[in-house]
Amino acid sequence: ALLQQGTHAADVAYFFGEDTPRMNGRLEPALPPGHDYDYINAEVLLTRASCKNGRLALPDGQSYRVLVLPPCETMTPRLLAKIASFVRDGLVLVGNPPLRSPSLADYPDCDAAVLKNAQALWGDTATPVVDRRVRKGRVFRGHTLEQVFGKIGVSPDVASVPKEVLWIHRADKDADLYFVSNQSEKPIAIAPEFRVAGKRPELWDAVTDTRCEPALFETLPNATRVPLRLDPAGSLFVV
């Protein structure tokens, strides 16, 4: 029930591209540890998305700080114009500039429109490394996402967890819910830092149906550190 509350909290939306229907995509550039992502397609970008407070926002409540483009040289003029409007409103865009349209509709004007918008966002489309401000937003090329997050000041959503521990974050208007699970067959002691400030954590155990406030936790400037002990293949909600 808890994993159906609120909406999935993620920093990055990876765009599928327009070339073929896909059920999954490539994480390129790679996602750094401590961050989560969703995939997004052209229809959602064109018909449901907007930019609010520098984030790509959907009507159901999901929002993303960064939009990542696939390694592709094509994009329809309509979609690139929409993405350009998001960047001007404050979105961070990561990827290479499209150079032409994948469609022959309105050729050759379609290619000219794509190139014009690409130059407005990336400047010189032949420059391999770009960090460019476009009104309220920013465009990156030739950077890792770790470098991008460092430059825009986005810290990990969950820090200081080993690879044996997986997590997911859901958020609603009243609470943040982190599900933390030990993927190993050994007990583990960790002290993850959750990107939530000004709230008191509780530990909810779905197996024993218990809730408790941890005896120890530390409030950091922009996070909360909560010591946890997880049984082999054990899990907890940090709420």
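Throughout what follows, the structure given in this document is the object of discussion. As the structure is a computational prediction, the values presented were derived from the model and not from experiment.

1. Here's the deal with the layout of surface pockets
Alright, step 1. Its volume calculated, the largest pocket comes out at about 330 Å³.
Alright, step 2. Around the largest pocket sit 18 residues that line it, and P33, G34, H35, V165 and W167 are the ones nearest its centre.
Alright, step 3. It is strand β12 (residues 165-171) that provides the largest number of residues to the lining of the largest pocket, a total of three residues.
Alright, step 4. Considered class by class, the residues forming the lining of the largest pocket number 13 nonpolar, three polar and two charged.
Alright, step 5. Counted as a void, the second largest pocket has a volume near 230 Å³.
Alright, step 6. Surrounding the second largest pocket, 13 residues form its lining, A9, R55, S63, H169 and A171 being those nearest its centre.

2. With respect to empty space enclosed by the protein
Alright, step 1. Enumeration according to the criterion identifies three cavities of 30 Å³ or more in this entry.
Alright, step 2. Residue lining of the largest cavity: F15, G17, E18, L69, P70, C72, T74, M75, N96, P97 and P98, and that is the complete set.
Alright, step 3. Looking at the lining of the largest cavity residue by residue, the classes come out as seven nonpolar, three polar and one charged.

3. Topic: helix α3 (residues 109-122)
For an α-helix the count is 3.6 residues per turn, leaving residues at separations of three or four pointing the same way.
Alright, step 1. Here α3 is 14 residues long and its end C-alpha atoms lie 20 Å apart, about the 20 Å a rise of 1.5 Å per residue gives.
Alright, step 2. When we look at burial in α3, the residues that qualify are C110, V114, N117, A118, L121 and W122. Looking down the long axis of α3, one finds its buried residues gathered within 115 degrees of arc, a one-sided arrangement.
Alright, step 3. The secondary structure elements touched by the buried residues of α3 are α2 (77-88), β8 (92-94), β9 (130-134) and β10 (137-141).
Alright, step 4. Just past α3, the residue G123 takes up positive phi, approximately 75 degrees.

4. Side note on the pairing of β9
Alright, step 1. Relative to β10, β9 is paired through five bridges, and the arrangement is antiparallel. Considered in β10, the bridge of R132 is made with V139.

5. Regarding the packing of aromatic side chains
Alright, step 1. Going through the model one piece at a time under the given rule, you end up with six aromatic pairs.
Alright, step 2. Note on Y37 and Y39: the rings are 5.4 Å apart at their centroids and 75 degrees apart in plane angle, and the pair reads as edge-to-face.
Alright, step 3. Here Y178 and F194 contribute two aromatic rings whose centre-to-centre distance is 4.6 Å and whose plane-to-plane angle is 50 degrees, an arrangement assigned as tilted. Taken together, the positions of Y178 in strand β13 (residues 176-182) and F194 in strand β15 (residues 193-194) put the pair 16 residues apart, joining distant regions of the chain. Of the two residues examined, Y178 and F194, each falls in the buried class.

6. Quick word on the sheet that holds strand β19 (residues 224-225)
Alright, step 1. Read across the open sheet, the four strands follow the order β11-β15-β19-β18; overall the sheet is antiparallel. In this open sheet, the two strands that pair with only one neighbour each are β11 (158-159) and β18 (218-219).
Alright, step 2. Looking at chain direction, β15 and β19 are connected through two bridges and run antiparallel. Pairing of F194 across the sheet is with T224, part of β19.

7. Some details on the state of the cysteines
Alright, step 1. If you walk through the whole model with that rule in mind, you get zero disulfides.
Alright, step 2. Of all cysteine sulfurs in the structure, the one in C72 sits closest to C110, which takes part in no disulfide; the separation is 14 Å.
Alright, step 3. Note on C110: relative accessible area 3%, which makes it buried.

Rules of the game
- Residues numbered from 1 in each chain as written.
- Predicted model: local features only at pLDDT ≥ 70, side-chain atom pairs only at ≥ 80, totals over all residues.
- Heavy atoms only, no water.
- 1 Å grid on protein atoms, 1.4 Å probe; cavity = no way out; pocket = protein on both sides within 12 Å on 5 of 7 lines; lining within 4 Å.
- Points joined across faces, edges and corners; volume = space filled by probe spheres on them.
- Helix = DSSP H or I, 4+ residues; strand = E, 2+ residues; numbered from the N terminus.
- Nonpolar A, V, L, I, M, F, W, Y, C, P; charged D, E, K, R; others polar.
- Expected span 1.5 Å × (residues − 1).
- Buried < 20%, exposed > 50% of the residue type's maximum accessible area, 1.4 Å probe, protein only.
- Arc of directions from axis to C-beta.
- Contact = heavy atoms within 4.5 Å.
- Pairing = 2+ DSSP bridges.
- Phe/Tyr/Trp six-rings, centres within 6.5 Å; stacked < 30°, edge-to-face > 60°.
- Disulfide = S-S within 2.5 Å.

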